[in-house]
Amino acid sequence: MLGFELSEPATLDEAFDLLADGDPGVRPMGGGTALMLMMKAQIFKPERLVSLRNVGGCFDGLRIDADQSHIRIGGMTTFAEIERSPMVLQHLPAVVRTMKTLANIRVRHVASVGGNLAHADPHLDLPPVWMAHAASIRIVSKSGERVIPVEDLFAGYYETTLGDGELIGEVIVPVRPEWTSTYVKVTTRSAHDWPALGIAVSANLQGQRVNDLRLVLSAALDRPTRLDAAENELRGSDLSEAALKRAGEAAVAEADIHSDSRGSAAYKQHLLRVHLSRAMHSLAGA
Amino acid sequence: MTDARTIRFTLNGAPVSVSVMPHETLIEMLSLRLELKGARESCGQGLCGCCTVYVNGKSVSSCLYLAQLVDGAKVVTIEGINDGAELDPVQQAFIEVGAFQCGFCTPGFIMMARELLDVHPNPTEDEIRHYLIGNLCRCSAYPEIVEAVKLAARRRAAGTTPALAEELSA
Ligand SMILES: Cc1cc2nc3c(=O)[nH]c(=O)nc-3n(C[C@H](O)[C@H](O)[C@H](O)COP(=O)(O)OP(=O)(O)OC[C@H]3O[C@@H](n4cnc5c(N)ncnc54)[C@H](O)[C@@H]3O)c2cc1C
Ligand code: FES
Ligand code: FES
């Protein structure tokens, strides 16, 4: 970790200019927690770090639209700000619950929601939760901005679809009063370990009937992924044991799960069947 | 700049200015340039809590924090949590309960425990263990640490720091 430049631009335009030269050693910095680990491990050798903490605009703040339709979370908002927001607790309680087993409070005081998404480590807990909530991100760059669903951000293991000079300005989460959500972090060694799988589910239920739902699997794949076939088994049906069993089998069939240090493929497939079903039951019970 | 830059900030209540390199971490600056040895780097990865300091009133792992980023901030270390005359109630409780063996992890635990009591003045055992999840004690003094936090909570609630003996007999 030697010989780099650290700048703290006061405007977004200045940040774009500092990030402009396309050199892989030039990176934006959110909270810096992931970057610092990669720099200390010498996986990443920076030329220039551009801190986004003073750029302002949509990167700051945590608010709900006047018509209560969407929550907007600035890219530099810290995890601690999110978990302590009464507004987030009211509308997105699953996000607040997810924070309880995410790192520790010192990391959550610093880590930013934009940096977390851009890091694109498939083991991270929040990205699947945003996907289950049907969230989008506003991507800003010198040439303008675009809004994409969170699932379109991930291109693979630590890879995103962000172009050179593009930054995650804010996360936009729809407020969906008819939906309930939960996230299950399944660890197989110690509670602190990276998950073997993460399962984020969100559903619009009427008693035991599933009007609509979103199922997302993370950690076991190279990127957080919607389980379309499993969703189709449950959408419009009752939460019967038979339907949940079919959904579990569909999930196992569509997810290309490999063995690794957190468990064999067969074991993780079993965990997926069991925890998917339990997560759906927990929503119906809530 | 890849060169050193002079930053100004408040350290334990007093203004300081220090020349630091962009790659220096906050823990390196505090321990090597400012000779404050209470926070110390152990895991270097945000996991163990030994390097805990407060930046603008919030606990951070100073091993993962670039020093130049505290320009203009308020930094408090374990050396700054009491007035020099009397120990902080959490420090006092750790001593009375004997919440350490080698003491290496203690500054970090005390910093986190103080912050916990600001957020949850009357924490349950679960809340204590959960808040301290990012602090590791190799000597495994965890039961005593939890007891010390409970004692400090009672003391802070009562606004006093009576001797442990009195309290136990009460
Ligand atoms: C001790 C420890 C424990 C952890 N435990 C967990 C855990 O249990 N669960 C979990 O999910 N995570 C965990 N993490 C990972 C943590 O969630 C990430 O390190 C953190 O979210 C990254 O956010 P950051 O703001 O610090 O990112 P940074 O380090 O600032 O940036 C990460 C990447 O994103 C880029 N970037 C930053 N901001 C933007 C932006 N606005 N737009 C575009 N690109 C950007 C950077 O260039 C870099 O490539 C842990 C981390 C630590 C240190
Ligand atoms: S040394 Fe910083 S958390 Fe362990
Ligand atoms: S007392 Fe020795 S590490 Fe905690």
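Anyway, here's the lowdown on the structure attached to this text. Keep in mind it's a predicted model, so treat the numbers as computed, not measured. Here the residue numbering is sequential within each chain, running from 1 through the sequence in written order. Chain labels run from A onward and ligand labels from 1 onward, assigned in the order the entries are written. Only residues with pLDDT of at least 70 get local features here, since the model is predicted, and only at 80 or more are side-chain atom pairs given and counted; chain-wide, interface and lining totals rely on the full set of residues. Excluded from the side-chain calculations are hydrogens and water; all other atoms, namely the structure's heavy atoms, are used.

## Things to note about the overall build of chain B
No. 1: Counting its regular elements, chain B contains six helices and five strands.
No. 2: Runs of H or I in DSSP of at least four residues are treated as helices and runs of E of at least two as strands, each being numbered from the N terminus. In chain B, the order of α-helices and β-strands from amino to carboxyl end is β-β-α-β-β-β-α-α-α-α-α.
No. 3: It is over C-alpha atoms that the radius of gyration is taken, and the globule rule equals 2.2 Å times the number of residues to the power 0.38. At 17 Å, chain B has a C-alpha radius of gyration in line with the 15 Å of a compact globule built from 170 residues.
No. 4: We call a residue buried when its accessible area falls under 20% of the maximum for its residue type, exposed when it is over 50%, and partly exposed in between, using a 1.4 Å probe and counting protein chains only. Looking at the 170 residues of chain B, the share that counts as buried comes to 46%.
No. 5: Counted over contacts in chain B with a minimum sequence separation of 6, partners at least 24 positions apart contribute 55%.
No. 6: The method behind every accessible area is Shrake-Rupley, applied with a 1.4 Å probe, and residues are considered shielded solely by the protein chains displayed. For chain B, the accessible surface area stands at approximately 7,800 Å², while carbon and sulfur atoms represent 53% of it. The contact criterion used throughout is that any non-hydrogen atoms of two residues lie within 4.5 Å.

## Topic: the pattern of salt bridges
Residues and elements named next belong to chain A.
No. 1: Think of a salt bridge as a Lys or Arg side-chain nitrogen and an Asp or Glu carboxyl oxygen that are within 4 Å of each other. All told, the structure shown has 32 salt bridges over all chains when counted by the stated rule.
No. 2: A salt bridge links Arg63 to Glu170, with the nearest nitrogen and oxygen atoms 3.6 Å apart. Linking Arg63 in strand S4 (residues 62-64) with Glu170 in strand S10 (residues 167-174), this pair joins segments that are 107 residues apart in sequence.
No. 3: We classify Arg63 as partly exposed; its relative accessible area is 35%.
No. 4: Through salt bridges with shared partners, a single network forms among Arg63, Asp65, Arg72, Arg138, Glu145 and Glu170.

## Concerning the sheet that holds strand S3 (residues 48-51) of chain A
Residues and elements named next belong to chain A.
No. 1: Judged by pairing direction, the sheet is parallel, and its three strands sit side by side in the order S1-S3-S2 without closing on themselves. Of all the strands in the sheet, just strand S1 (5-7) and strand S2 (26-29) have a single pairing partner and so form its edges. In this sheet, neighbouring strand axes are inclined to one another by 20° on average, regardless of whether the strands run parallel or antiparallel.
No. 2: Pairs of strands are assigned from DSSP output, requiring at least two bridges between the strands. In the sheet, S1 pairs with S3 via three bridges, with the strands oriented parallel. Paired with Leu6 across the bridge in S3 is Leu49. To get an axis, fit a line to the C-alpha atoms, keeping to the stretch in contact for a helix; angles then go from 0 to 180 degrees between the N-to-C directions.

## A closer look at the site of ligand 1
No. 1: One heavy atom within 4 Å of a molecule or strand makes the whole residue count as near it. Around ligand 1, a shell composed of 34 residues is seen, among which A:Pro28, A:Gly30, A:Gly31, A:Thr33 and A:Ser112 lie nearest.
No. 2: With respect to ligand 1, the chains having nearby residues are chains A and B.
No. 3: At 2.8 Å, a backbone N or O of A:Leu35 approaches an oxygen atom of ligand 1.
No. 4: Protein chains shield 95% of the accessible area of ligand 1, which is 980 Å² for the free molecule. Here a polar contact means two N or O atoms within 3.5 Å. Within protein one must be a hydrogen donor candidate and the other an acceptor candidate, and residues neighboring in sequence count only if both atoms are side-chain atoms.

## A look at the interface of chain B and chain A
No. 1: Listed by partner, the interface residues are 32 residues for chain B and 23 residues for chain A.
No. 2: Of the roughly 2,300 Å² buried at the junction of chain B and chain A (both faces included), carbon and sulfur atoms supply 61%.
No. 3: Here the buried area means the combined drop in accessible surface, using a 1.4 Å probe, for two parts upon being joined, counting both sides. When the buried surface of chain B facing chain A is broken down by residue, B:His23, B:Leu64 and B:Leu69 rank first, second and third, together holding 27% of it.
No. 4: Where chain B touches chain A, the interface holds two salt bridges.
No. 5: The partner of B:Glu41 in a salt bridge is A:Lys40, with the nearest N and O atoms 2.9 Å apart.

## Digging into empty space enclosed by the protein
No. 1: Definitions used for this entry: grid spacing 1 Å over protein atoms alone; cavity, a set of points where a 1.4 Å probe fits but cannot get out; pocket, an open set with protein on both sides within 12 Å along at least 5 of 7 lines; lining residue, one with an atom within 4 Å of a point. Grid points are joined across faces, edges and corners, and a volume is the space filled by probe spheres set on the points. In the structure shown here, the tally under the stated rule is two cavities of 30 Å³ or more.
No. 2: As a volume, the largest cavity reaches approximately 40 Å³.
No. 3: As for the largest cavity, its lining consists of A:Thr33, A:Arg106, A:Val107, A:Val110, B:Val60, B:Ser61, B:Leu64 and B:Tyr65.
No. 4: Elements with a minimum of two residues in the lining of the largest cavity: helix H6 (105-110) of chain A together with strand S4 (58-61) of chain B.
No. 5: Per element, the largest residue contribution to the lining of the largest cavity is three residues, and it comes from H6(A).

## Considerations on the pairing of strand S13 (residues 209-218) of chain A
All names here are of chain A.
No. 1: Judged by how many residues are buried, S13 sits mostly within the fold: seven of 10 residues are covered.
No. 2: Both strand S12 (residues 197-206) and S13 contribute to a ladder of nine bridges, which runs antiparallel. Its bridge partner being in S13, Val201 is matched across the sheet by Leu215.
No. 3: Following S12, the chain reverses through two residues before pairing antiparallel with S13; Gly207 in that reversal takes a positive phi of roughly 60°.
No. 4: With two bridges connecting them, S13 and strand S14 (residues 225-226) associate as antiparallel partners. Note that in S14 the partner of Val216 across the bridge is Arg226.

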